[in-house]
Amino acid sequence: MGVLDSKIPSGPLADKWTKHKNEIDLVNPANKRNIDIIIVGTGLAGGSAAATLAELGYNVKTFCYQDSPRRAHSIAAQGGVNAAKNYQGDGDSVYRLFYDTVKGGDYRSRESNVYRLAEVSSNIIDQCVAQGVPFAREYGGLLDNRSFGGVLVSRTFYAKGQTGQQLLLGAYGAMNRQIQRGKIKSYTRHEMLDLVLVDGKARGIIARNLVTGEIERHSAHAVVLATGGYGNLFFLSTYAMGANVMAAWRAHRRGAFFANPCFTQIHPTCIPVSGDHQSKLTLMSESLRNDGRIWVPKRKEDAIAIREGKLKPIQLSEEERDYYLERRYPAFGNLVPRDVASRAAKERCDAGFGVNKTGEAVFLDFASAIMRYGKEKALTSGMKDPDNNTIRELGEKIVEAKYGNLFQMYEKIVDANPYKTPMMIYPAVHYTMGGLWVDYNLQTTIPGCYAAGEANFSDHGANRLGASALMQGLADGYFVLPYTIGDYLSDDIRTGAIPTDSPEFDAAEKDVRDRMEKLMSGTGIHSVDYYHKKLGKIMWNKCGMSRNEKDLKEAIKEIAELRKDFWENVKIPGSPDSKNQELEKAGRVADFLELGELFAKDALERKESCGGHFREEYQTPEGEALRDDENFKFVSAWEYKGEPSAAKLHKEDLVYENIKLKTRSYK
Amino acid sequence: MKLYLKIWRQKDASAKGQMVDYTLDGVESDMSFLEMLDILNEELISKGEEPIEFDHDCREGICGTCSLQINGRPHGPDTMITVCQLHMRSFNDGDEIVIEPWRAKAFPVIKDLIVDRTAFDRIQQAGGYISVNTSGRPVDANAIPIEKHIADTAMDAATCIGCGACVAACKNASAMLFTSAKVSQFALLPQGQVEAADRVQNMVRQMDLEGFGNCTNTGACEIECPKGISLENIARMNREYFSASLKG
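Just so we're clear, the structure is a prediction, and the values are computed from it rather than from any experiment.

(A) Representation of unusual backbone geometry within the structure. All names here are of chain A. The phi torsion at Asn86 lies on the positive side, around 55 degrees, for a residue other than glycine. Its location among the elements puts Asn86 in the loop between strand E3 (81-82) and helix H4 (94-104). By the C-beta count within 10 Å, which is 18 here, Asn86 ends up partly exposed. Positive phi, close to 55 degrees, is recorded for Tyr107, a residue that is not glycine. Position of Tyr107 among the secondary structure elements: in the loop between H4 and helix H5 (111-130).

Here it is, written out as structure tokens:
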């Protein structure tokens with residue numbers, strides 16, 4: 001096991017969490033008042049953890065770079081949140097959710113963590129309903145469910161296409177209640193620039209007040225990082241513009257191992273890139289694949305004619321279309337997991353069947369769903385022999401009720417009506433399964449430093465299933481961390497407040513100031529975005545949907561060169577002593593330029609294909625991912641040793657006692 | 001297309017701001033409005049000038065961060081969208097575009113086009129929640145059926161993104177639409193009943209303390225709201241407030 005101790009409790013899988021909760025140390029309510037916890041990031045994981053820890057009696061300080069905790073990017077999650085409630089009576093269970101998640105993650109996640117996630121999933125729904133989250137309901141007044149990719153049951157709870165928003169506002173409300181009670185102090189427009197260790201333990205952070213430019217010291221008995229993923233490394237992604245890896249990377253530099261950095265989710269249904277000016281990509285919820293059918297023309301001539309605007313997609317008959325997911329994966333069809341759907345789209349586009357100007361788009365078509373719903377509605381309304389137009393009108397209304405806000409979003413961006421002509425979609429970077437290595441308690445390799453939500457690595461393996469990010473964020477924040485952190489803090493009941501005038505804080509602050517000064521001293525002509533876009537291109541072209549040894553080696557070299565150029569030349573106007581968005585961006589891109597290299601190195605070392613990590617050298621004759629359980633059934637946890645090229649690999653072997661490893665098949 | 005921009009520049013909260021003219025060429029119709037500003041900022045940086053600061057984050061119309069008054073209208077000329085969803089195809093070559101921050105006493109300018117909206121957070125802190133602890137063992141989610149129509153109406157209110165367009169659109173800089181959206185969401189749901197009276201009174205008190213104006217039913221907020229929050233919520237909040245006052 002080496003230096004990595006995952007601290008998985010002994011005993012049968014189904015009893016581990018209960019047993020663990022019974023055995024860990026608790027902090028008595030009176031002592032909780034003497035203990036401070038810093039939480040960085042206020043999305044689903046950070047917000048729910050902050051509220052719960054404050055309810056328990058700890059003194060919580062939260063930090064977010066946004067102007068309000070409510071704006072964290074969890075808010076943009078559309079489709080839903082999974083829970084093993086089995087309200088539909090379709091055979092769902094904790095075990096099935098656990099099994100689907102491990103299989104969906106291509107057997108690269110930790111069994112015990114995933115089982116716990118499935119176990120607490122139904123509590124999440126109970127908790128959120130009690131908080132007044134307005135989930136979608138059926139006419140009988142009970143909660144409605146829908147289905148997502150990679151599963152054969154309906155276990156996804158949703159609130160229109162805004163589930164993340166409603167769950168986050170629930171957590172934000174819970175936080176607000178504690179802010180009002182004085183148990184949470186919320187620092188908005190603040191960014192964590194470094195982690196402070198005292199005697200080897202995480203004891204505070206250095207933060208910058210983004211409005212005044214002031215550098216501040218904040219101490220605590222434990223620090224929780226819930227700062228999301230690092231997909232903005234690719235420049236173009238579905239992440240918020242400000243999303244970054246700084247907090248996690250600063251912790252990594254201070255000793256927290258970074259796990260599986262190359263495991264990135266490329267989501268199949270996003271609006272394609274329209275030009276060089278593009279600043280971000282917009283996701284179209286996976287829920288659309290419940291009713292939308294994905295296709296490209298069967299004949300290349302037709303694809304070319306569509307690209308040139310000489311042919312309209314609706315002019316092609318059924319026989320002239322290639323519903324390639326239904327053809328390749330008859331059992332799951334359009335609802336295969338995300339990595340599979342993305343790769344299949346890339347395969348068709350690379351083969352010359354892409355349907356937009358750049359040849360990088362496929363169709364997502366609702367015509368058959370509209371007609372199917374229309375017929376059903378006509379029948380239930382007692383209409384006899386309705387004509388096609390009437391059926392279509394009725395069907396469009398149903399589709400609008402289900403996906404109206406997504407269709408409107410598409411129309412505003414693309415200027416085309418998706419009720420009348422199929423949507424065009426293409427894969428885009430959406431989520432990172434990799435992140436800070438954590439043990440069963442969600443503690444990183446730095447004592448007292450925890451990571452929750454997308455910022456950690458533990459639950460999704462090499463590919464995350466749809467509607468599981470919200471589940472994990474809330475599971476970590478509401479139900480896991482508040483228990484496990486007590487075990488660590490029980491040693492701190494006599495410690496007293498941590499002073500911020502120690503040499504450790506002095507040194508960390510000095511590091512931060514030196515780094516900012518160095519950033520501001522660039523002598524070149526290019527802006528931060530120039531470097532960020534260049535990095536993004538390297539990542540997308542050489543470390544994107546498919547990877548090979550040659551490209552990865554080139555990427556490592558190019559990123560290192562770009563990083564050097566950046567540090568010498570990046571041009572940042574203004575001063576560090578006031579609001580300065582360019583300086584904020586520069587600090588974030590500086591860290592992406594280090595992480596990018598480690599990412600490529602991790603991808604190079606993992607000589608197998610699994611989940612979102614597809615190495616061209618390792619595939620079956622049919623082009624499916626070829627996993628190598630004999631040699632790569634482990635978590636890569638990287639230790640910082642200076643330059644990314646010097647990072648040291650530690651392996652956590654993944655033990656599957658309850659699931660038999662199989663080749664993932666969705667055929 | 002070529003555009004003539006008049007943009008509010010203000011160094012910090014205490015400085016006096018002013019409109020500054022910029023000309024921007026080569027704007028394409030499928031750019032978003034914020035991407036147009038990105039390009040202008042790149043030009044400013046290359047000239048060694050400080051870029052224009054504006055708030056934005058998700059760039060897909062849900063986080064509520066972006067907040068520009070464009071030609072006198074919050075979030076610009078289109079309806080039911082935020083600035084980040086506004087595309088340049090809504091403008092023509094040669095257009096003059098005036099870009100300002102939200103204007104309201106309760107939203108002081110921080111820098112350029114960025115305003116301080118923490119007053120909204122404080123209104124929510126005063127009562128925008130249902131007081132339930134995270135026990136993991138509340139009643140089962142399906143124990144209380146809620147009529148679909150009620151759940152849907154609560155969802156419509158809950159969809160508010162807290163951007164502040166309602167305040168910016170209102171001649172009184174009133175925050176009634178924002179506050180009433182949260183009051184309505186919980187007033188409609190059975191879970192929100194227990195604290196209903198306290199909630200509406202505390203939130204309205206905080207709203208007044210923050211310096212937002214009163215409502216005179218002009219309805220500009222509803223028209224400019226990117227999420228289509230209905231004026232009915234204000235009526236519902238007034239009813240809730242009145243009945244809470246009677247209870248004492």
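(B) Up close: the sheet that holds strand E6 (residues 190-198) of chain A. Residue and element names in this part refer to chain A. Strand order in the open sheet made by the three strands is E6-E7-E8, with antiparallel pairing throughout. For this open sheet the edge positions go to E6 and strand E8 (215-219), each flanked by a neighbour on one side alone. Ignoring strand direction, the axes of neighbouring strands in this sheet form an average angle of 25 degrees. Note that strand E7 (residues 201-209) and E8 share five bridges and pair antiparallel. Within E8, the position partnered with Arg208 by the bridge is Ile215.

(C) Structural view of the interface of chain B and chain A. Counting residues at the interface gives 66 residues for chain B, matched by 66 residues for chain A. Listed by contribution, the elements that provide at least two residues to the side of chain B that touches chain A are helix H1 (33-46), strand E6 (109-111), helix H2 (118-125), helix H3 (148-158) and helix H5 (176-188) of chain B. Per element, the largest residue contribution to the side of chain B that touches chain A is seven residues, and it comes from H1(B). Of the residues contributing to the side of chain B that touches chain A, the split by class is 25 nonpolar, 21 polar and 20 charged.

(D) Representation of the pairing of E7(A). Residues and elements named next belong to chain A. Among the nine residues in E7, seven count as buried, and that is most of the element. Pairing between E6 and E7: eight bridges, direction antiparallel. Directly across from Leu197, in E7, lies its bridge partner Ala202. Taken together, E6 and the strand that follows it, E7, pair antiparallel across an intervening segment of two residues, in which Asp199 is found at a positive phi of about 50 degrees. As consecutive antiparallel partners, E7 and E8 are separated by five residues, and within that stretch Gly213 has a phi angle of approximately 85 degrees, a positive value.

(E) Focus on the sheet that holds strand E4 (residues 73-74) of chain B. Overall, mixed pairing links the five strands, which are arranged E2-E1-E5-E3-E4 (chain B) in an open sheet. Single-partner strands in this sheet number two, and they are strand E2 (18-24) and E4 of chain B.

(F) A look at the domain arrangement of chain B. All names here are of chain B. As assigned here, chain B comprises domain 1 (3-110) and domain 2 (118-247). Each of domain 1 and domain 2 has a C-alpha centre, and the two are 29 Å apart. On the domain 2 side, the residues contacting the 18 residues of domain 1 number 16 residues. For the side of domain 1 that touches domain 2, the per-class residue count stands at nine nonpolar, six polar and three charged.

(G) Here's a closer look at helix H12 (residues 388-414) of chain A. Residue and element names in this part refer to chain A. In this model, H12 (27 residues) spans only 27 Å end to end at C-alpha, well below the 39 Å of a helix rising 1.5 Å per residue. The complete set of buried residues in H12 reads Ile391, Leu394, Gly395, Val399, Lys402, Tyr403, Leu406, Phe407, Met409, Tyr410 and Ile413. Each element contacted by the buried residues of H12 is listed here: helix H11 (367-380) and strand E15 (423-432).

(H) Looking closely at the environment of Arg33(A). All names here are of chain A. In this fold, Arg33 is placed in the loop between helix H2 (29-32) and strand E1 (36-40). Residue Arg33 is classed as partly exposed on the basis of its 13 C-beta neighbours within 10 Å. For the pair Arg33 and Lys183, spaced 150 residues apart in the sequence, the C-alpha separation amounts to 9.2 Å.

Parameters at a glance
- Residue numbers here run from 1 along each chain, matching the order of that chain's written sequence.
- Key to labels: chains lettered from A, ligands numbered from 1, both in the order written.
- With pLDDT at 70 or above as the cut-off, local features in this predicted model cover only qualifying residues; side-chain atom pairs require 80 or more to be listed or tallied, and sums for whole chains, interfaces and linings still use all residues.
- Secondary structure counts use DSSP, requiring at least four H or I residues in a row for a helix and at least two E residues in a row for a strand, with both numbered from the N terminus.
- As a rule, residues whose C-beta atom has 12 or fewer other C-beta atoms within 10 Å are exposed, those with 20 or more are buried, and those in between are partly exposed; C-beta atoms are placed from the backbone.
- Here, strands pair whenever DSSP counts at least two bridges between them.
- Each axis is a line fitted through C-alpha atoms, taken for helices only over the stretch in contact, and angles between the N-to-C directions span 0 to 180 degrees.
- Here, residues touch in the contact sense if the C-beta positions derived from the backbone fall within 7 Å of one another.
- Classes in brief: Ala, Val, Leu, Ile, Met, Phe, Trp, Tyr, Cys and Pro nonpolar; Asp, Glu, Lys and Arg charged; the others, Gly included, polar.
- Domain boundaries shown here were taken from an automatic or database domain assignment.
- Here the expected length of a helix is defined as 1.5 Å per residue gap, with one fewer gap than residues.

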